[in-house]
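Chain and residue survey
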Amino acid sequence: MMRGLSRRDLLKVSAASGLAPALGLGNVAPAQAAEQLLVVMWGAAWIEVSRKIVDAYVAKTGDKVAWELHAGGAMAIVAKIKPAWPRVGYNLVSGWDPVFRAMIKEDWVVPVTLDEMPALKDIPPVFFQKNDKGQLMTVPLSTAGAFWGYRTDLVDKPIESIEQLLEPRFKGKLCVPFPVNLTGLLMLTLAMQRGGNERNIEPGWQFLKELAERGQIGRVINNNSEFINAMSSGETSVAFFNIGAWTQVRKQFPVRMLSRLKDNKGFLFNEGFAVIKQDDPKKVEAAKRLANHFATPAINEQYNWPLGEGPTNPKSKASPDIADVFYAPDELAQYAYIADFDYMSTQVDAWAKRWEQEIAPLIRKS
Amino acid sequence: MASQRISSFHAALLAPGALIILFLLIAPIALMAVESFHPFVTGRVGSGSGWTLRNYAELMEPAYAFYFWETFRIGFIISAIAVLLGAPLAWLAARTRRRGLRVAMFGLLIGLLFMSLIARLYAIQMTFGSTGPLAFFGTMIGVPARSAGFAVVQVAMGLLHFVLPMVALILVGTFQNINPRLEEAAASLGAPRWRVALTVTLPLAVPGLLSAYMIALAMCISSFVVPLILGRGIVLFATNLMYVRFSDVANYPSGAAIGMIMFALAAIIIYAMMRLTRALSPVESHS
């Protein structure tokens with residue numbers, strides 16, 4: 001197999017040719033056992049807190065970390081890895097359950113064990129994604145969710161059911177994700193509102209058509225940044241999206257999360273890291289070392305607080321700011337839902353096409 | 001013998017460029033064409049094995065005709081507006097004797113090209129969007145800022161921002177290449193300025209105007225970022241549909257099929273416009 005120029009090769013060449021200072025690599029001693037890692041992370045608050053955590057980690061371990069940001073939804077990284085595989089430089093990829101399922105199916109992910117990553121011993125087994133052999137394939141860092149919510153400063157009367165979103169006062173005020181985003185959770189929440197589920201999604205399409213025909217949908221978003229812009233500018237006032245993006249809006253504006261609706265649910269999932277296969281075992285080892293660091297109680301807490309997400313390590317404390325979207329164990333059955341992402345990921349292609357054929361034209365005409 | 005030597009010399013000169021075109025441009029498009037005939041396996045990444053026409057058959061749905069038409073319709077209109085607005089600017093920049101004015105116009109046009117398009121698009125959104133200071137503009141033209149129709153208006157504004165400086169700069173060259181003595185001769189024979197412009201300058205500028213129009217059209221229909229940022233997810237160009245398939249769903253064959261259809265449509269339009277250019281060109285029509 002062809003092997004690309006490694007950082008170590010580059011250092012040797014640049015040291016011999018006197019190029020190291022010019023390349024900005026002069027401060028790294030070639031004798032160091034440290035490894036250079038490339039980590040894919042989300043932008044906004046995710047990269048900010050990750051950089052802070054890693055700066056301290058780098059100073060302690062000598063490992064170096066370069067970052068690459070997700071472009072668009074997290075699923076886009078799968079499409080990016082595919083044509084380059086197996087020559088991809090990523091060591092750790094941040095993602096969430098459906099993205100991890102796709103990566104595991106493609107056999108790109110290295111299993112993790114509790115022996116080599118002791119911080120994982122504390123994390124409940126249910127949070128991990130596993131392969132067919134039952135091996136742990138992910139490093140769960142956050143318990144997150146997708147919820148309906150609205151800016152209370154822009155909505156005159158409280159919303160108690162998403163059926164109210166058909167009222168004329170919400171014309172052009174709804175912000176919804178494109179159905180491939182969140183692996184189609186928008187379709188699921190709309191279907192469940194009308195008695196459907198993942199495998200009976202038709203009621204969701206009917207509800208969506210009603211919303212589109214009445215001109216309620218003002219913005220269709222594809223990523224966190226678009227959501228934050230749409231909700232922060234006041235262009236839209238009601239939305240369905242992930243709690244991490246909601247948290248950024250909640251820092252600036254009064255928001256009520258509809259996490260305890262009588263006739264709908266909040267959708268829970270896990271975010272974290274997947275360790276990507278590499279030829280060099282030292283790189284894999286270093287990637288696991290870093291992922292383990294993120295899962296330790298103190299760091300897991302530090303990581304999740306600014307994101308507004310729940311830590312997966314039970315020894316970490318959840319931020320009091322997210323009490324309204326955190327369910328007590330006895331509330332889970334009534335208010336929370338864990339979707340069948342494996343099934344939904346097989347449907348998003350068809351849902352995306354149906355959106356293009358039936359929904360987008362209705363929104364344009366409205 | 002001498003002609004053979006010249007021919008070999010020319011071939012040697014052409015070889016590097018031809019190889020680059022073959023490997024960097026034609027090979028990926030050929031690969032995309034092949035990909036478009038493979039089936040997609042749901043839940044997996046990329047294409048499966050075997051051959052199918054399904055990716056093209058799906059695009060025969062009327063909804064997709066709308067997306068292709070929308071992409072070209074907006075492209076046609078914006079390219080025409082860009083030429084209409086760019087031609088007087090270019091003419092002035094080419095003919096003015098006031099050096100300061102010429103420098104200012106070139107500075108503005110070139111400066112716009114260098115300024116990040118992303119910054120310009122967000123500036124449009126912040127200014128004319130539903131919460132922007134000029135949000136009333138939408139209401140003034142009968143398309144409220146919060147409506148779906150205004151997303152089209154914003155995309156049009158963004159595309160105009162994108163192509164107008166380029167069109168104007170191309171046309172400066174066109175007007176500079178028209179001998180001013182022809183216009184002076186017409187004027188000395190008593191033709192008013194409007195008649196000189198319509199009967200002398202404009203016919204001579206037709207090839208340049210059509211070239212600028214074609215370049216603007218190519219920029220518009222292949223634009224991805226303008227509808228992405230200003231379309232609010234409501235205005236979708238063919239490029240946006242392709243991106244969703246390649247990036248979000250990992251359905252490469254379907255994305256490739258859209259790409260091939262766009263390629264074929266663009267080739268037909270370019271051929272038609274080249275024929276039109278030839279028919280309208282004074283030099284060609286007299287030869």
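How each quantity is defined
Residues numbered from 1 in each chain as written. Chains lettered and ligands numbered in written order. Predicted model: local features only at pLDDT ≥ 70, side-chain atom pairs only at ≥ 80, totals over all residues. Heavy atoms only, no water. Pairing = 2+ DSSP bridges. Helix = DSSP H or I, 4+ residues; strand = E, 2+ residues; numbered from the N terminus. Right-handed = clockwise from strand over helix to strand, strands pointing away. Phe/Tyr/Trp six-rings, centres within 6.5 Å; stacked < 30°, edge-to-face > 60°. Buried < 20%, exposed > 50% of the residue type's maximum accessible area, 1.4 Å probe, protein only. Salt bridge = Lys/Arg side-chain N within 4 Å of Asp/Glu carboxyl O.

1. What to know about the pairing of strand β2 (residues 64–69) of chain A
All names here are of chain A. Of the pairings in the sheet, the one linking strand β1 (residues 36–41) to β2 comprises six bridges and is parallel in character. Bridge pairing in β2 places V40 opposite E68. Of the crossover connections in this fold, the one passing from β1 over helix α3 (residues 44–61) to the parallel β2 is right-handed.

2. Quick notes on the packing of aromatic side chains
All names here are of chain A. Applying the stated criterion across every chain, the model contains 22 aromatic pairs over all chains. Between F227 and F241, the ring centres sit 5.0 Å apart and the planes meet at 25°, which makes this aromatic pair stacked. In this pair, F227 sits in helix α8 (residues 224–232) while F241 sits in strand β7 (residues 238–242), placing the two residues 14 residues apart along the sequence. F241 shares its class with F227; the two are buried. Arranged with centres 6.0 Å apart and planes meeting at 85°, the rings of F240 and F267 form a pair that is edge-to-face. Taken together, the positions of F240 in strand β7 and F267 in strand β9 (residues 266–275) put the pair 27 residues apart, joining distant regions of the chain. Its relative accessible area of 0% is what places F240 among the buried residues. Following the ring pairs from residue to residue traces out a cluster consisting of W148, F240, F267 and Y337.

3. Remarks on the pattern of salt bridges
Residues and elements named next belong to chain A. For the coordinates displayed, the defined rule picks out 29 salt bridges over all chains. A salt bridge links K277 to D107; the shortest N-O distance between them is 3.0 Å. Here the residue K277 occupies a position in the loop between β9 and α10 (281–295), and D107 occupies one in the loop between α5 (97–105) and β4 (139–151), the gap between them amounting to 170 residues. Relative accessible area serves as the criterion here: at 31%, K277 is assigned to the partly exposed category. On the basis of relative accessibility, which here comes to 47%, the residue D107 falls in the partly exposed class.

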